[in-house]
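If you want the building blocks of each chain, they are given just below.
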Amino acid sequence: YYGFESGNNSFLYFSISNQIPVFFLGMIAFSIVNRNPLSVPKVMHALFLFFIFTVLSLMVWESSFTLKFMVLPTLSGLSFFYLLFYLKKKNIKNKLIQRIGVVSYSIYIFHFVFSWYVMPFLFKKYFNFLSPNWTLMFSFLGVIGLTYIVATFSERFVERRGIMIGNELIAYLNNKF
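Novice: I keep staring at the packing of aromatic side chains and nothing clicks. Help me out?
Specialist: Centre distance and the angle of the planes are the two values used to describe a pair of aromatic rings. Here the structure, examined in full by the defined rule, presents 18 aromatic pairs. Taken together, a centroid distance of 5.6 Å and an interplanar angle of 85° make the contact between F23 and Y108 edge-to-face. Taken together, the residues F23 in helix α2 (residues 16–35) and Y108 in helix α6 (residues 104–125) connect sequence positions 85 residues apart. Ring centres of F121 and Y126 lie 6.4 Å apart, and the angle between their planes is 85°; this geometry places the pair in the edge-to-face category. A relative accessible area of 47% means that Y126 is categorised as partly exposed. Here the aromatic cluster, defined as three or more aromatic residues joined through ring pairs, consists of Y13, F14, W61, F69, F112, W116 and Y117. The positively charged end of R156 is found above the aromatic ring belonging to F153, 5.9 Å away from the centroid.

Novice: Would you explain the nonpolar core in this entry?
Specialist: Most often, soluble globular proteins keep nonpolar side chains buried together rather than apart. Core analysis: the biggest nonpolar cluster contains 17 residues, and I32, V40, F53, L78, F81, Y82 and F85 have the highest contact counts within it. Top contributing element to this core by residue count: helix α4 (residues 68–89), with eight residues. Leaving out residues up to four positions away in the same chain, F53 has contacts with L75, L78, S79 and Y82.

Novice: Hey, could you run me through α6 in this one?
Specialist: Every α-helix carries 3.6 residues per turn, so stepping three or four residues along brings you back to the same face. The terminal C-alpha atoms of α6, which comprises 22 residues, lie 30 Å apart, in line with the 32 Å expected from a rise of 1.5 Å per residue. Regarding α6, the residues found buried are S106, F114, M119 and F123. On the buried face of α6, the contacting elements are α7 (132–176).

Novice: When you look at the pattern of salt bridges in this model, what are you seeing that I'm missing?
Specialist: Pairing of side chains with opposite charge becomes possible as their charged atoms draw close. In the structure shown here, the tally under the stated rule is two salt bridges. For R99, the salt bridge is made with E155, and the minimal N-O distance between the two is 3.4 Å. Here R99 is found in helix α5 (residues 95–102), whereas its partner E155 is found in helix α7, with 56 residues between them in sequence. On the basis of relative accessibility, which here comes to 7%, the residue E155 falls in the buried class. A cluster of three or more residues bridged by salt bridges with shared partners is formed by R99, E155 and R160.

Novice: Would you take a moment to explain the side chain of T147 for this structure?
Specialist: Assignment of secondary structure puts T147 in helix α7. With near-sequence residues (within four places) excluded, T147 lies in contact with I107, F110, H111, F114 and G142.

The rules behind the values
Residues numbered from 1 in each chain as written. Predicted model: local features only at pLDDT ≥ 70, side-chain atom pairs only at ≥ 80, totals over all residues. Heavy atoms only, no water. Phe/Tyr/Trp six-rings, centres within 6.5 Å; stacked < 30°, edge-to-face > 60°. Helix = DSSP H or I, 4+ residues; strand = E, 2+ residues; numbered from the N terminus. Buried < 20%, exposed > 50% of the residue type's maximum accessible area, 1.4 Å probe, protein only. Lys NZ or Arg CZ within 6 Å of the ring centre and 35° of its normal. Core = buried A, V, L, I, M, F, W, Y, C linked by side-chain atoms within 4.5 Å. Contact = heavy atoms within 4.5 Å. Expected span 1.5 Å × (residues − 1). Salt bridge = Lys/Arg side-chain N within 4 Å of Asp/Glu carboxyl O.

Right, here's the structure in full:
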């Protein structure tokens, strides 16, 4: 409308106004799970809503709706929001998934380096003989593995310090006012 493209990976797609609902969903989920676990939806409700928002996300992705990439982050976020509640109610605990959750912000920040630059370079230069399906599978696994490694270092040396500084600032402000 204003001359900005609203496609996948566009400026508008990555804008804070488009991505902030996903962060808010994460904060709300954290609050519900950790502060008010009785308000977590029932297993079947969570599973049903996970299914509905997943199907809606896929339908919007496949649609010709001009602003689909402006709503997809929120729809996908809602899907994972209810998946979290389903897993919480089923008491499914997976150490790897929990660890990925801890470093998820760093994964969010760094994954594009591997998906946009590292994997295309490696597959173009060294693995161009693979079929598209194998390339996709190995690229996916490579992006996940390499991003996870970088994210563990980032979480340890950047995020933890930032969280500590934030907690100290909050404590200081709480004591001051």
